[in-house]
Amino acid sequence: MFKNTIILLLFLLSGQYICAQESYSKFTAVLNTIDSPGARAKYILEYEQSSDISYHEEYTDFLEEAINYYLGQNAPDTILNLVTSVADHYIFSHQVNHQKAKEVLDLVIPYQKLISDTTAWTNYLVQRGEIAIYNNNFDDAIDIFKTILDVAVDTTQYSYSYAHLKLGEVYANHWNILKSIIHFNKASDLFLKQENVGMYLWTQSGLASLYSLNSLYKEANNARNIIYKVGVENKAFDIVTIAHLTAAMENKERNNQEKRLYHLKQANEYSKHQSTVQDYVKAVNYTFHTLYYTEKRQIDSSEFYFKKLENLYSPDKHGAWVKSYYLIGKASNYHLHGNYTAAENIILQLIKDAKTTRKASMRLRFYETLSTLYNEWGKRELELQALKNYSSLKDSLEDLRINNQFLYYNQLFESEKKDKTILQQEASIQLLSAQNKLILMRWAIVVLVIGVIFTVFYFYKSRKFAIQKNKLQENFSQRLISSQELEKSKISRDLHDGLSQQLILIKNRLDILGYNDVSEMVSGSLDELRSITRSLHPAILSNFGLTAALEYLCTNLNKYADDIEVSHHIERIDNLLDEEHELHLYRIVQEILNNILKHAECSTISISILPKKKDIFIRIQDNGKGFELEEAEISGLGMNSIRERSKIIGGHLDIQSKKNKGTVITLKIPVYERHKDSISR
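Rules and cut-offs
- Residues numbered from 1 in each chain as written.
- Predicted model: local features only at pLDDT ≥ 70, side-chain atom pairs only at ≥ 80, totals over all residues.
- Heavy atoms only, no water.
- Helix = DSSP H or I, 4+ residues; strand = E, 2+ residues; numbered from the N terminus.
- Expected span 1.5 Å × (residues − 1).
- Buried < 20%, exposed > 50% of the residue type's maximum accessible area, 1.4 Å probe, protein only.
- Arc of directions from axis to C-beta.
- Core = buried A, V, L, I, M, F, W, Y, C linked by side-chain atoms within 4.5 Å.
- Contact = heavy atoms within 4.5 Å.
- Lys, Arg positive; Asp, Glu negative; His and termini not counted.
- Salt bridge = Lys/Arg side-chain N within 4 Å of Asp/Glu carboxyl O.
- Pairing = 2+ DSSP bridges.
- Axes fitted to C-alpha atoms, helices over the stretch in contact; angles between N-to-C directions.
- Parallel < 35°, antiparallel > 145°, perpendicular 65-115°, else oblique.
- Nonpolar A, V, L, I, M, F, W, Y, C, P; charged D, E, K, R; others polar.
- Phe/Tyr/Trp six-rings, centres within 6.5 Å; stacked < 30°, edge-to-face > 60°.
- pLDDT = per-residue confidence, 0-100.
- Left-handed = near helix turned anticlockwise from the far one by under 90°.

**A few points about helix H14 (residues 257-270)**
Two residues of an α-helix separated by three or four positions point the same way, owing to the 3.6 residues in each turn. Here H14 contains 14 residues, and its C-alpha end-to-end distance of 20 Å stays within 8% of the 20 Å for a straight helix at 1.5 Å per residue. Buried residues of H14: Arg260, His263, Leu264, Ala267 and Asn268, and no others. Down the axis of H14, the smallest arc covering the buried residues is 145°, so these residues share one side. Relative to its buried face, H14 has exposed residues pointing more than 90 degrees away, namely Glu258 and Lys265.

Here's what the structure looks like:
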């Protein structure tokens, strides 16, 4: 979040630097002819007030000379703007020195009560707020920016609008979605009134990041669409580029590789336009492309973009933000070439930095990258630890997201219904009850999952010298899948027996009271809840058996892809497997068909499920575009799930696929002794 503001400030400062070259030469020539300290300080002050500022070390020394003189003259109002300018240099130039910036800002504190220039004072407080953020003192930052809102006399001045923007960013970092939205929207309205298009677009970028962080993807996309349209119209291509890059990152997390690649290509095009923060934009762009092509094992493309990143980055020229993206790209390049130790060192440092700055979502991505690194490296114990850290952090963030989503939609509901006071009160009681149950349910799931993970880990520790490492990983994955199915079944029952029944009672009560609109909303929620319940656990499997469930699954394929010809032949296989294995077989067929619909781009699907002698034979074939098995193993969690479930039920899985030649998947499942008579009959 904070990067958006820093980019903009760099944009402003860089523009000032370019305009100041000629006037600065004249300024130094005149200053060298002045000997009197008072006259020198006065001339420096006049130049500061009337000219564009050249942000470099020599000019900063001149400003500090004037500050020291006027401090001796007990004139705080005179030096306030000088102090702010010096702090600008130490905060935003490539010679970053936050401690020095704080020391300069602290010079004014003893004279605080003597300051009368409100505008200069609020500009000064902006710098103190930035320092608090850089030092991760977010509570102090909140207090400082709130002080600006209280002190500012003119609510149209820039610092007032900027304070709302920064509060939106800080509250977003604290996962306080409602306060963050309030301040972002206030900043957006103020910047529009000031006709400050650049800051308005950065505010929309902050909103898009906030919504995306909380999985409110529709709202995030709406905010980014504003950036795409207004940004292109006003040639704010740097902001448009960043918006496309954040959209690409969002689609990576949603596993939508097609949209991810689209936004990367768009970002690549817009980053070619000239910009005063072009180095930063290019660094992010090159890094994201390096990561994408590394994941796809497209070595030439990955090397191409990393070389661009490497040629761009200069420690003497760029600050911490460009350096952080350079390190991410460098770790990816090390990973690509098998230099695992170097990649590990960088990623561990990035995790440490993200923890210090409370960037939990970044830390989650680094844990995922680290687990992949250890997997390829063959470090199974470290991989398990990284996966454990990833899962634990992911669960915590998911709890925060779910709670924020509830708060967000509840706020929308209250806003839309505020004119219907009585109905609003009754609905609030029901929503509060639902919220408490959802919170209790989430914590119960978290405790149960933690218990399962702890049990598996304890089992691993007690038997690690008796079982091979690869077998341990296999057992861990299989147990996790089984526990997930148990959890899904439990949640499905709880939702059906608990929340579903309460919603029915609410609907009936609303029908009696004549609130038809709200009743229809509850009815829609009830239908959606039933759909969720069915997806968590296939009731048809329990009620009608495995054969009927598979028949229903195949028959309903055309509902999702009416342009695909589906043929299937399924003979009776009920009671040939126990209930747990029947569920795994159902999930395997379901996952295979889902993968075909998502990726195969085929026109025909053939499905055959037959009992033969001591086994059940399954054969699923499509005439789609096919794939390389190695690529599928690297990128497909679905393929891993199919393999693990096959192992759980003792099946032999065979996949034959070539690009543009279609795919044939066969599965042979042994039947237990007590079921063999059923096959012969």
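**Quick notes on the nonpolar core**
Core analysis: the largest hydrophobic core is formed by 121 residues, its most contacted members being Phe27, Val83, Tyr124 and Phe366. It is helix H7 (residues 118-134) that contributes the most residues to this core, 9 residues altogether. Setting aside chain neighbours within four positions, we find Phe27 in contact with Tyr43, Ile44, Tyr47, Tyr59 and Phe62. Core analysis: the second largest hydrophobic core is formed by 39 residues, Leu557, Ile618, Ile620 and Ile669 among them.

**Structural notes on the side chain of Lys359**
Among the structural elements, Lys359 can be located in the loop between helix H18 (340-356) and helix H19 (360-377). Nearest to the buried, unbridged Lys359 among oppositely charged side chains is Asp353, at 9.7 Å. Aside from chain neighbours lying at most four places away, what touches Lys359 is Trp321 and Ala354.

**A few points about the pattern of salt bridges**
If the charged atoms of two oppositely charged side chains come close together, the side chains can form a pair. Within the structure shown, the criterion is met by 18 salt bridges. Taking the shortest distance from any N to any O, the salt bridge between Glu65 and Arg40 comes out at 2.6 Å. Within this pair, whereas Glu65 is found in helix H4 (residues 57-72), its partner Arg40 is found in helix H3 (residues 37-50), the two being separated by 25 residues in sequence. Classification of Glu65 by relative accessible area gives partly exposed; the value is 29%. Judged by relative accessible area, Arg40 falls into the buried class, the value being 15%. Arg128 is the salt-bridge partner of Asp106, the closest N and O atoms lying 3.0 Å from each other. Taken together, the positions of Asp106 in helix H6 (residues 98-106) and Arg128 in helix H7 put the pair 22 residues apart, joining distant regions of the chain. One salt-bridge network, in which partners are shared between bridges, spans Lys102, Asp106 and Arg128.

**Quick look at the sheet that holds strand E5 (residues 663-670)**
Read from one edge to the other, the open sheet built from 5 strands follows the order E1-E2-E3-E5-E4, with strand pairing classed as mixed. In this open sheet, the two edge strands, each paired with only one partner strand, are strand E1 (565-570) and strand E4 (652-657). Strand-to-strand twist across the sheet, computed as the mean angle between neighbouring axes with direction ignored, equals 5°. One ladder, built from 8 bridges, connects strand E2 (residues 604-612) with strand E3 (residues 615-622); its direction is antiparallel. Bridge pairing links Ser606 to Gln621 in E3. Those strands touched by helix H25 (residues 546-555) are E1 and E2, and its axis lies near 170° from that of E1. Across the sheet, helix H27 (residues 579-600) touches E2, E3 and E5, and the angle it forms with E3 is around 10°.

**Quick word on the pairing of E3**
Joining the antiparallel neighbours E2 and E3 is a turn of 2 residues, in which Lys613 adopts a positive phi near 50°. Bridge analysis of E3 against E5 gives 8 bridges, and the strand direction is antiparallel. Pairing of Asp622 across the sheet is with Thr663, part of E5.

**Quick look at the packing of helix H11 (residues 197-213) against helix H13 (residues 237-253)**
When two helices pack together, their arrangement is captured by the angle between the axes and the distance separating the axes. Contact geometry for H11 and H13: axes closest at 11 Å, N-to-C directions at 5°. Judged by the angle between their axes, H11 and H13 are roughly parallel. Of H13, the residues touching H11 (which contributes Gly198, Leu201, Trp202 and Ser212) are Ile239, Ile242 and Glu250. Classifying every residue of the contact of H11 with H13 gives 4 nonpolar, 2 polar and 1 charged.

**Let's talk about H18**
Given a rise of 1.5 Å per residue, 17 residues ought to cover 24 Å, and the 24 Å separating the end C-alpha atoms of H18 matches this to within 8%. Of all the positions in H18, only Tyr340, Ala342, Ala343, Glu344, Ile346, Ile347, Leu350, Ile351 and Ala354 are classed as buried.

**Structural notes on the packing of aromatic side chains**
To describe a pair of aromatic rings, you give the distance between the ring centres and the angle between the ring planes. Counted under the stated rule, the structure contains 19 aromatic pairs. Ring geometry for Phe237 against Tyr270: centres 6.0 Å apart, planes inclined by 15°, an arrangement best described as stacked. Of this pair, Phe237 sits in helix H13 while Tyr270 sits in helix H14, and the two are 33 residues apart along the sequence. Ring centres of Tyr293 and Tyr305 lie 5.9 Å apart, and the angle between their planes is 5°; on these two criteria the pair is classed as stacked. Note that Tyr293 is positioned in helix H15 (residues 278-295) and Tyr305 in helix H16 (residues 299-312), a separation of 12 residues in sequence.

**Topic: unusual backbone geometry**
Unusually for a residue other than glycine, Ser215 sits at a positive phi of about 60°. Mapped onto the elements, Ser215 comes out in the loop between H11 and helix H12 (217-233). Notably, Asn575 is not glycine yet its phi reads approximately 65°, a positive angle. Position of Asn575 among the secondary structure elements: in the loop between E1 and H27.

**Quick word on the pairing of E5**
For a regular strand, side-chain orientation follows a simple rule: the groups alternate between the two sheet faces. Examined bridge by bridge, E4 and E5 share 6 bridges and lie antiparallel to one another. Each residue of the ladder has a partner; that of His652, found in E5, is Lys668. With antiparallel pairing between neighbouring strands as the criterion, E4 and E5 make up a hairpin whose turn holds 5 residues, including Asn660 at a positive phi of roughly 65°.

**Regarding the confidence of the model for the protein chain**
When pLDDT is averaged across the protein chain, the result is 80; 79% of the residues are at 70 or more. Below a pLDDT of 50 lies the segment residues 1-20, which in the model reaches 57 contacts outside its immediate sequence neighbourhood of four places, other chains included. Confidence over residues 674-681 falls short of pLDDT 50; this stretch has 15 contacts with residues more than four positions distant or in other chains.

**Quick notes on the environment of Arg572**
With respect to the helices, strands and loops of the structure, Arg572 is situated in the loop between E1 and H27. For the pair Arg572 and Pro611, spaced 39 residues apart in the sequence, the C-alpha separation amounts to 7.7 Å.

**Things to note about the packing of helix H9 (residues 158-173) against H11**
Closest axis-to-axis distance for the H9/H11 pair is 10 Å, and the angle between their directions is 15°. Regarding the angle of H9 to H11, the classification is roughly parallel. Crossing of H9 against H11: the hand is left-handed. Contacts between H9 and H11 pair Tyr158, Tyr162, Leu165 and Ala172 from the former with Met199, Thr203, Leu210 and Leu213 from the latter. Among the residues forming the contact of H9 with H11, the class breakdown is 7 nonpolar, 1 polar and no charged.

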